Amino acid sequence: MPVPIPDSVSYVLLDEATIERRVQEMADEISVDYEGIHNEDFLLVGVLKGSFVFLADLARRLTVPHRVDFIALSSYADSAESTGAVRLIMDTRADVAGKHILIVEDILDTGYTLRYLYRLFEARQPASLRTAVLLTKPDRRQVETPVHYLGFSIPDVWVVGYGLDYADRFRTLPYIGALKSRVYEK
Amino acid sequence: MSMFNDIERVLVSEEEIRQRIAALAEQMNQIYSDDDPPILVCILKGAFMFLADLTRQLSFRHEVDFMEISSYGMGTTSSGVVRILLDLASSIEGRQVVIVEDIVDTGHTLSYILRNFATRKPASVRVATLLNKPSRREIDVPVDFVGFEIPNEFVMGYGLDFGEQYRNVPYIGILKPEIYQEVDQA
(Lines give C-alpha, C1' and ligand atoms only; values in the text may rest on other atoms or scores of the structure.)
Protein backbone atom coordinates (compact mmCIF):
# COMPACT_ATOMS: atom_id res chain seq x y z
CA MET A 1 0.00 0.00 0.00
CA PRO A 2 1.47 3.37 -0.95
CA VAL A 3 2.35 5.73 1.87
CA PRO A 4 -0.23 8.55 2.05
CA ILE A 5 0.95 12.06 1.22
CA PRO A 6 1.05 14.06 4.47
CA ASP A 7 -1.07 17.14 4.82
CA SER A 8 2.09 19.27 5.21
CA VAL A 9 3.31 18.40 1.72
CA SER A 10 1.86 20.65 -0.94
CA TYR A 11 3.00 18.73 -4.03
CA VAL A 12 5.34 15.99 -5.23
CA LEU A 13 8.34 17.58 -6.92
CA LEU A 14 10.09 14.34 -7.94
CA ASP A 15 8.23 11.05 -7.82
CA GLU A 16 9.74 7.64 -7.08
CA ALA A 17 10.07 6.54 -10.70
CA THR A 18 11.79 9.80 -11.70
CA ILE A 19 14.28 9.51 -8.83
CA GLU A 20 14.92 5.84 -9.56
CA ARG A 21 15.67 6.51 -13.22
CA ARG A 22 18.04 9.35 -12.43
CA VAL A 23 19.89 7.43 -9.69
CA GLN A 24 20.34 4.55 -12.14
CA GLU A 25 21.82 6.95 -14.71
CA MET A 26 24.18 8.39 -12.10
CA ALA A 27 25.21 4.88 -11.04
CA ASP A 28 25.91 3.92 -14.67
CA GLU A 29 28.07 6.99 -15.14
CA ILE A 30 29.99 6.38 -11.89
CA SER A 31 30.46 2.68 -12.74
CA VAL A 32 32.09 3.64 -16.05
CA ASP A 33 34.33 6.28 -14.48
CA TYR A 34 35.59 4.02 -11.68
CA GLU A 35 35.96 0.84 -13.74
CA GLY A 36 39.06 -1.13 -12.84
CA ILE A 37 39.64 0.41 -9.44
CA HIS A 38 40.10 -2.14 -6.69
CA ASN A 39 37.45 -2.42 -4.00
CA GLU A 40 39.85 -1.33 -1.26
CA ASP A 41 40.66 1.86 -3.12
CA PHE A 42 37.18 3.21 -3.89
CA LEU A 43 35.24 4.64 -0.99
CA LEU A 44 31.74 6.10 -1.00
CA VAL A 45 31.26 8.45 1.93
CA GLY A 46 27.64 9.04 2.91
CA VAL A 47 26.82 12.14 4.92
CA LEU A 48 24.39 11.43 7.78
CA LYS A 49 21.60 11.66 8.29
CA GLY A 50 20.24 12.96 5.00
CA SER A 51 22.07 10.91 2.40
CA PHE A 52 21.39 7.39 3.66
CA VAL A 53 18.49 6.76 1.26
CA PHE A 54 20.37 8.10 -1.76
CA LEU A 55 23.46 6.13 -0.74
CA ALA A 56 21.47 2.90 -0.34
CA ASP A 57 19.96 3.21 -3.82
CA LEU A 58 23.10 4.47 -5.53
CA ALA A 59 25.48 1.89 -4.01
CA ARG A 60 23.42 -1.13 -5.00
CA ARG A 61 23.22 0.05 -8.61
CA LEU A 62 26.98 0.43 -8.98
CA THR A 63 28.60 -2.41 -10.86
CA VAL A 64 32.09 -1.56 -9.59
CA PRO A 65 33.31 -2.85 -6.22
CA HIS A 66 33.63 -0.24 -3.50
CA ARG A 67 33.45 0.33 0.22
CA VAL A 68 30.90 2.37 2.08
CA ASP A 69 31.61 4.70 4.94
CA PHE A 70 29.69 7.33 6.85
CA ILE A 71 30.40 10.74 8.26
CA ALA A 72 28.14 12.62 10.64
CA LEU A 73 28.05 16.39 10.80
CA SER A 74 26.12 18.91 12.78
CA SER A 75 25.74 22.64 12.49
CA TYR A 76 26.50 24.68 15.57
CA ALA A 77 23.33 26.71 15.74
CA ASP A 78 20.02 24.92 15.93
CA SER A 79 18.62 27.00 13.13
CA ALA A 80 17.32 26.18 9.70
CA GLU A 81 19.65 28.71 8.09
CA SER A 82 23.13 27.32 7.55
CA THR A 83 25.88 29.67 8.65
CA GLY A 84 28.72 27.58 7.38
CA ALA A 85 30.10 26.49 10.72
CA VAL A 86 30.07 22.70 10.81
CA ARG A 87 30.98 20.30 13.59
CA LEU A 88 32.32 16.86 12.76
CA ILE A 89 30.46 14.34 14.95
CA MET A 90 31.80 11.12 13.46
CA ASP A 91 34.68 10.74 11.06
CA THR A 92 35.08 7.97 8.48
CA ARG A 93 36.40 4.66 9.75
CA ALA A 94 38.61 4.11 6.75
CA ASP A 95 41.84 6.00 6.15
CA VAL A 96 41.23 8.00 3.00
CA ALA A 97 44.85 8.73 2.03
CA GLY A 98 45.58 7.32 -1.41
CA LYS A 99 41.94 6.27 -1.93
CA HIS A 100 39.42 7.38 -4.53
CA ILE A 101 36.80 9.25 -2.52
CA LEU A 102 33.26 9.94 -3.65
CA ILE A 103 31.27 12.11 -1.25
CA VAL A 104 27.55 11.25 -1.40
CA GLU A 105 25.33 14.16 -0.38
CA ASP A 106 21.57 14.59 -0.51
CA ILE A 107 21.37 18.31 -1.21
CA LEU A 108 23.58 21.24 -2.09
CA ASP A 109 22.07 24.42 -0.70
CA THR A 110 24.32 27.30 0.41
CA GLY A 111 27.30 25.05 -0.30
CA TYR A 112 28.98 25.49 3.08
CA THR A 113 28.64 21.87 4.18
CA LEU A 114 29.94 20.38 0.95
CA ARG A 115 32.81 22.85 0.90
CA TYR A 116 33.71 21.84 4.45
CA LEU A 117 33.71 18.16 3.47
CA TYR A 118 35.61 18.77 0.28
CA ARG A 119 38.37 20.63 2.13
CA LEU A 120 38.43 18.04 4.89
CA PHE A 121 39.06 15.19 2.45
CA GLU A 122 41.31 17.18 0.15
CA ALA A 123 43.70 17.73 3.04
CA ARG A 124 43.97 13.98 3.57
CA GLN A 125 45.57 13.41 0.17
CA PRO A 126 43.16 11.03 -1.51
CA ALA A 127 44.03 9.60 -4.93
CA SER A 128 40.98 11.44 -6.26
CA LEU A 129 38.06 13.36 -4.79
CA ARG A 130 34.63 13.73 -6.34
CA THR A 131 31.11 14.54 -5.21
CA ALA A 132 27.74 12.98 -6.05
CA VAL A 133 24.83 15.23 -5.12
CA LEU A 134 21.19 14.29 -5.58
CA LEU A 135 19.71 17.79 -5.47
CA THR A 136 21.04 21.27 -5.96
CA LYS A 137 19.35 24.60 -5.31
CA PRO A 138 21.43 27.04 -7.37
CA ASP A 139 19.43 30.06 -6.13
CA ARG A 140 20.63 29.43 -2.60
CA ARG A 141 24.34 29.13 -3.31
CA GLN A 142 26.80 31.16 -1.25
CA VAL A 143 29.99 29.22 -2.00
CA GLU A 144 30.87 26.95 -4.91
CA THR A 145 32.23 23.41 -4.61
CA PRO A 146 32.72 21.07 -7.57
CA VAL A 147 29.84 18.67 -8.21
CA HIS A 148 30.79 15.76 -10.48
CA TYR A 149 27.56 13.81 -10.49
CA LEU A 150 24.28 15.67 -10.09
CA GLY A 151 20.76 14.29 -9.81
CA PHE A 152 18.43 17.26 -10.18
CA SER A 153 18.56 21.02 -10.11
CA ILE A 154 15.53 22.32 -8.22
CA PRO A 155 13.98 25.70 -7.38
CA ASP A 156 14.28 27.26 -3.94
CA VAL A 157 11.44 25.42 -2.20
CA TRP A 158 11.65 23.49 1.07
CA VAL A 159 11.92 19.86 0.04
CA VAL A 160 11.40 16.76 2.15
CA GLY A 161 11.59 13.01 1.63
CA TYR A 162 14.19 10.62 0.22
CA GLY A 163 16.43 11.47 3.19
CA LEU A 164 15.57 15.16 3.48
CA ASP A 165 13.75 16.32 6.57
CA TYR A 166 12.05 19.22 8.21
CA ALA A 167 12.87 19.11 11.96
CA ASP A 168 13.49 15.36 11.61
CA ARG A 169 10.09 14.79 10.00
CA PHE A 170 9.15 13.54 6.53
CA ARG A 171 12.67 12.15 6.01
CA THR A 172 11.61 8.74 4.74
CA LEU A 173 8.91 9.67 2.27
CA PRO A 174 9.73 7.65 -0.86
CA TYR A 175 9.47 10.72 -3.11
CA ILE A 176 10.67 14.33 -2.87
CA GLY A 177 7.89 16.70 -1.94
CA ALA A 178 7.61 20.44 -1.44
CA LEU A 179 6.63 21.42 2.06
CA LYS A 180 3.72 23.81 2.50
CA SER A 181 5.13 27.20 3.47
CA ARG A 182 2.84 27.44 6.51
CA VAL A 183 4.81 24.54 8.04
CA TYR A 184 8.15 26.37 8.17
CA GLU A 185 6.99 30.00 8.24
CA LYS A 186 6.16 30.80 11.81
CA MET B 1 36.80 -9.32 -12.41
CA SER B 2 33.39 -8.82 -10.94
CA MET B 3 32.47 -8.92 -7.27
CA PHE B 4 29.60 -11.22 -8.28
CA ASN B 5 32.12 -13.96 -9.18
CA ASP B 6 32.82 -14.48 -5.47
CA ILE B 7 29.23 -15.45 -4.74
CA GLU B 8 28.33 -19.12 -4.64
CA ARG B 9 24.57 -18.66 -4.72
CA VAL B 10 21.70 -16.32 -3.94
CA LEU B 11 20.11 -17.05 -0.55
CA VAL B 12 17.43 -14.35 -0.62
CA SER B 13 16.61 -12.61 -3.91
CA GLU B 14 15.88 -8.91 -4.39
CA GLU B 15 12.23 -9.69 -5.01
CA GLU B 16 11.96 -11.82 -1.85
CA ILE B 17 13.57 -9.02 0.17
CA ARG B 18 11.19 -6.46 -1.32
CA GLN B 19 8.10 -8.52 -0.53
CA ARG B 20 9.24 -9.40 2.99
CA ILE B 21 10.08 -5.79 3.88
CA ALA B 22 6.63 -4.71 2.65
CA ALA B 23 5.12 -7.29 5.02
CA LEU B 24 7.29 -6.10 7.93
CA ALA B 25 6.30 -2.48 7.23
CA GLU B 26 2.64 -3.52 7.24
CA GLN B 27 3.15 -5.25 10.58
CA MET B 28 4.70 -2.09 12.02
CA ASN B 29 1.97 0.08 10.50
CA GLN B 30 -0.50 -1.87 12.66
CA ILE B 31 1.45 -1.22 15.86
CA TYR B 32 2.63 2.37 15.65
CA SER B 33 0.73 5.57 14.97
CA ASP B 34 1.27 9.32 14.59
CA ASP B 35 0.12 9.82 18.18
CA ASP B 36 3.34 8.37 19.60
CA PRO B 37 5.94 8.45 16.83
CA PRO B 38 8.80 5.98 17.35
CA ILE B 39 12.49 6.57 16.71
CA LEU B 40 14.03 3.99 14.40
CA VAL B 41 17.65 3.47 15.36
CA CYS B 42 19.82 2.16 12.57
CA ILE B 43 22.92 0.23 13.62
CA LEU B 44 25.65 1.17 11.15
CA LYS B 45 27.03 0.22 8.86
CA GLY B 46 25.18 -2.95 7.97
CA ALA B 47 21.57 -1.86 8.42
CA PHE B 48 21.48 1.27 6.26
CA MET B 49 20.03 -0.44 3.21
CA PHE B 50 17.36 -2.25 5.22
CA LEU B 51 16.50 1.04 6.95
CA ALA B 52 16.21 2.90 3.64
CA ASP B 53 13.78 0.35 2.20
CA LEU B 54 11.79 -0.29 5.37
CA THR B 55 11.17 3.31 6.37
CA ARG B 56 9.94 4.32 2.92
CA GLN B 57 6.95 2.04 3.46
CA LEU B 58 5.94 3.17 6.93
CA SER B 59 2.69 5.12 7.02
CA PHE B 60 3.07 6.45 10.58
CA ARG B 61 5.16 9.42 11.61
CA HIS B 62 8.63 8.45 12.78
CA GLU B 63 12.19 9.68 13.10
CA VAL B 64 15.42 7.95 12.19
CA ASP B 65 18.63 8.03 14.15
CA PHE B 66 21.96 6.28 13.77
CA MET B 67 24.41 4.50 16.00
CA GLU B 68 27.76 3.18 14.91
CA ILE B 69 29.54 0.70 17.10
CA SER B 70 32.77 -1.20 16.95
CA SER B 71 34.10 -4.11 18.92
CA TYR B 72 37.27 -3.57 20.92
CA GLY B 73 39.34 -6.44 19.63
CA MET B 74 38.72 -9.13 17.11
CA GLY B 75 35.08 -10.16 17.00
CA THR B 76 32.58 -9.85 19.80
CA THR B 77 33.38 -10.97 23.29
CA SER B 78 30.83 -12.69 25.49
CA SER B 79 30.35 -9.46 27.46
CA GLY B 80 29.21 -7.88 24.20
CA VAL B 81 30.75 -4.58 25.31
CA VAL B 82 31.35 -2.42 22.27
CA ARG B 83 32.70 1.02 21.58
CA ILE B 84 30.09 3.56 20.58
CA LEU B 85 31.60 5.51 17.70
CA LEU B 86 28.45 7.49 16.99
CA ASP B 87 25.77 7.91 19.59
CA LEU B 88 22.16 8.88 18.96
CA ALA B 89 21.55 12.48 17.99
CA SER B 90 18.37 12.63 20.07
CA SER B 91 17.22 11.49 23.48
CA ILE B 92 15.06 8.37 23.60
CA GLU B 93 13.70 9.02 27.08
CA GLY B 94 9.98 8.36 27.12
CA ARG B 95 10.01 7.47 23.43
CA GLN B 96 9.16 4.32 21.57
CA VAL B 97 12.28 2.88 19.97
CA VAL B 98 12.80 0.38 17.18
CA ILE B 99 16.35 -0.91 16.79
CA VAL B 100 17.02 -1.71 13.14
CA GLU B 101 19.68 -4.38 12.61
CA ASP B 102 20.91 -6.22 9.54
CA ILE B 103 21.56 -9.51 11.35
CA VAL B 104 21.25 -11.02 14.80
CA ASP B 105 23.92 -13.66 15.27
CA THR B 106 25.29 -14.50 18.74
CA GLY B 107 23.12 -11.75 20.20
CA HIS B 108 25.89 -10.21 22.29
CA THR B 109 26.04 -6.88 20.49
CA LEU B 110 22.27 -6.49 20.48
CA SER B 111 22.10 -7.47 24.14
CA TYR B 112 24.61 -4.75 24.94
CA ILE B 113 22.68 -2.13 22.97
CA LEU B 114 19.46 -3.15 24.73
CA ARG B 115 21.09 -2.83 28.15
CA ASN B 116 22.59 0.51 27.16
CA PHE B 117 19.23 1.80 25.92
CA ALA B 118 17.41 0.58 29.06
CA THR B 119 19.42 3.10 31.10
CA ARG B 120 18.01 5.90 28.93
CA LYS B 121 14.45 5.08 29.99
CA PRO B 122 12.63 4.69 26.68
CA ALA B 123 8.89 3.95 26.75
CA SER B 124 9.43 0.78 24.71
CA VAL B 125 12.14 -0.92 22.69
CA ARG B 126 11.52 -3.36 19.88
CA VAL B 127 14.00 -4.95 17.50
CA ALA B 128 13.66 -5.30 13.75
CA THR B 129 16.27 -7.41 12.01
CA LEU B 130 16.46 -8.36 8.37
CA LEU B 131 18.24 -11.65 9.10
CA ASN B 132 18.20 -13.91 12.09
CA LYS B 133 20.59 -16.80 12.70
CA PRO B 134 19.03 -18.55 15.71
CA SER B 135 21.52 -21.43 15.53
CA ARG B 136 24.33 -19.03 16.43
CA ARG B 137 22.64 -17.53 19.48
CA GLU B 138 24.67 -17.44 22.68
CA ILE B 139 22.50 -15.03 24.65
CA ASP B 140 18.74 -14.65 24.62
CA VAL B 141 17.57 -11.42 22.98
CA PRO B 142 14.04 -10.40 22.04
CA VAL B 143 13.56 -9.95 18.31
CA ASP B 144 10.17 -8.53 17.33
CA PHE B 145 10.30 -8.14 13.56
CA VAL B 146 12.31 -10.68 11.58
CA GLY B 147 12.83 -10.62 7.85
CA PHE B 148 14.33 -14.06 7.31
CA GLU B 149 15.56 -16.85 9.53
CA ILE B 150 18.67 -18.18 7.87
CA PRO B 151 21.00 -21.13 8.42
CA ASN B 152 24.55 -20.67 9.63
CA GLU B 153 26.05 -19.69 6.29
CA PHE B 154 28.53 -17.00 5.32
CA VAL B 155 26.13 -14.36 4.02
CA MET B 156 26.78 -10.97 2.43
CA GLY B 157 25.02 -8.29 0.42
CA TYR B 158 22.19 -5.84 1.08
CA GLY B 159 24.31 -3.99 3.63
CA LEU B 160 26.17 -6.98 5.01
CA ASP B 161 29.87 -7.12 4.28
CA PHE B 162 32.74 -9.49 4.35
CA GLY B 163 35.91 -7.54 5.05
CA GLU B 164 34.07 -4.36 3.93
CA GLN B 165 33.26 -5.88 0.55
CA TYR B 166 29.95 -6.80 -1.05
CA ARG B 167 27.74 -4.42 1.00
CA ASN B 168 26.15 -3.10 -2.16
CA VAL B 169 25.21 -6.47 -3.66
CA PRO B 170 21.43 -6.01 -4.02
CA TYR B 171 20.49 -9.48 -2.67
CA ILE B 172 21.63 -11.75 0.16
CA GLY B 173 24.23 -14.16 -1.18
CA ILE B 174 26.41 -16.92 0.16
CA LEU B 175 30.11 -16.42 -0.35
CA LYS B 176 32.25 -19.08 -2.02
CA PRO B 177 34.19 -20.94 0.70
CA GLU B 178 37.53 -20.22 -0.97
CA ILE B 179 36.92 -16.48 -0.48
CA TYR B 180 36.60 -16.53 3.29
CA GLN B 181 39.05 -19.41 3.78
CA GLU B 182 41.70 -17.40 1.95
CA VAL B 183 41.22 -14.55 4.36
CA ASP B 184 41.16 -16.82 7.41
CA GLN B 185 44.57 -18.12 6.45
CA ALA B 186 46.00 -14.72 5.59
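You'll find the structure just up there.
About the thresholds
Residues numbered from 1 in each chain as written. Chains lettered and ligands numbered in written order. Predicted model: local features only at pLDDT ≥ 70, side-chain atom pairs only at ≥ 80, totals over all residues. Contact = placed C-beta atoms within 7 Å. Helix = DSSP H or I, 4+ residues; strand = E, 2+ residues; numbered from the N terminus. Nonpolar A, V, L, I, M, F, W, Y, C, P; charged D, E, K, R; others polar. Pairing = 2+ DSSP bridges. Axes fitted to C-alpha atoms, helices over the stretch in contact; angles between N-to-C directions. Parallel < 35°, antiparallel > 145°, perpendicular 65-115°, else oblique. Buried ≥ 20, exposed ≤ 12 C-beta atoms within 10 Å, placed from the backbone.

### What to know about the interface of chain A and chain B
Of the residues lining the interface, 25 residues belong to chain A; the matching set on chain B comes to 24 residues. The set of elements that each furnish at least two residues to the side of chain A that touches chain B consists of helix 2 (52-59), strand 3 (67-75) and strand 4 (86-90) of chain A. The greatest single-element share of the side of chain A that touches chain B, amounting to 5 residues, is contributed by helix 2 of chain A. Residues of the side of chain A that touches chain B, tallied by class, amount to 16 nonpolar, 3 polar and 6 charged.

### Quick word on the sheet that holds strand 7 (residues 145-149) of chain B
All names here are of chain B. Pairing within the open sheet is mixed, and its 6 strands lie in the order 4-3-2-5-6-7. Taken across any chain shown, the strands that pair with only one partner, and hence form the sheet edges, are strand 4 (82-86) and strand 7. Ignoring which end each strand starts from, the neighbouring axes of this sheet average 25° apart. Here 6 bridges tie strand 2 (residues 39-44) to strand 3 (residues 63-71), and the two strands are oriented parallel to one another. Following the sheet pairing, L40 is matched in strand 3 by V64. Seen against the sheet, helix 2 (residues 48-55) touches strand 2, strand 3, strand 5 (96-104) and strand 6 (124-132) and runs at an angle of roughly 155° to strand 2. Packed onto the sheet, helix 3 (residues 108-118) meets strand 3, strand 4, strand 5 and strand 6 and runs at close to 165° relative to strand 5.

### Here we look at the sheet that holds strand 2 (residues 42-48) of chain A
Residue and element names in this part refer to chain A. In spatial order, the strands read 4-3-2-5-6-7; together these 6 strands make up an open sheet with mixed pairing. Strands with a single pairing partner mark the edges of an open sheet, and in this sheet they are strand 4 and strand 7 (149-153). Along the sheet, successive strands turn relative to each other by an average axial angle of 25°, direction set aside. The pairing of strand 2 with strand 5 (residues 100-108) spans 5 bridges and is classified as parallel. In the strand pairing of strand 5, L44 is matched with L102. Against the sheet, helix 1 (residues 16-33) contacts strand 6 (128-136) and strand 7, and its axis sits at roughly 160° relative to strand 7.

### A closer look at the packing of helix 2 of chain A against helix 2 of chain B
Remark: helix 2 of chain A packs on helix 2 of chain B, axes separated minimally by 9 Å, with the N-to-C direction vectors making an angle of 110°. Considered as vectors, helix 2 of chain A and helix 2 of chain B are oriented roughly perpendicular to each other. Residues F52, V53, L55 and A56 of chain A of helix 2 of chain A pack against F48, M49, L51 and A52 of chain B of helix 2 of chain B. Grouping the constituent residues of the contact of helix 2 of chain A with helix 2 of chain B by class yields 8 nonpolar, no polar and no charged.

### Thoughts on unusual backbone geometry
Residue and element names in this part refer to chain A. A cis amide bond links L48 with the next residue in sequence, K49, at an omega value of -5°. Even without a glycine there, the phi angle at Y162 is positive, about 55°. You can see Y162 is positioned in the loop between strand 8 (159-160) and strand 9 (176-179). We classify Y162 as buried; it has 30 C-beta atoms within 10 Å. Positive phi, close to 50°, is recorded for A167, a residue that is not glycine.

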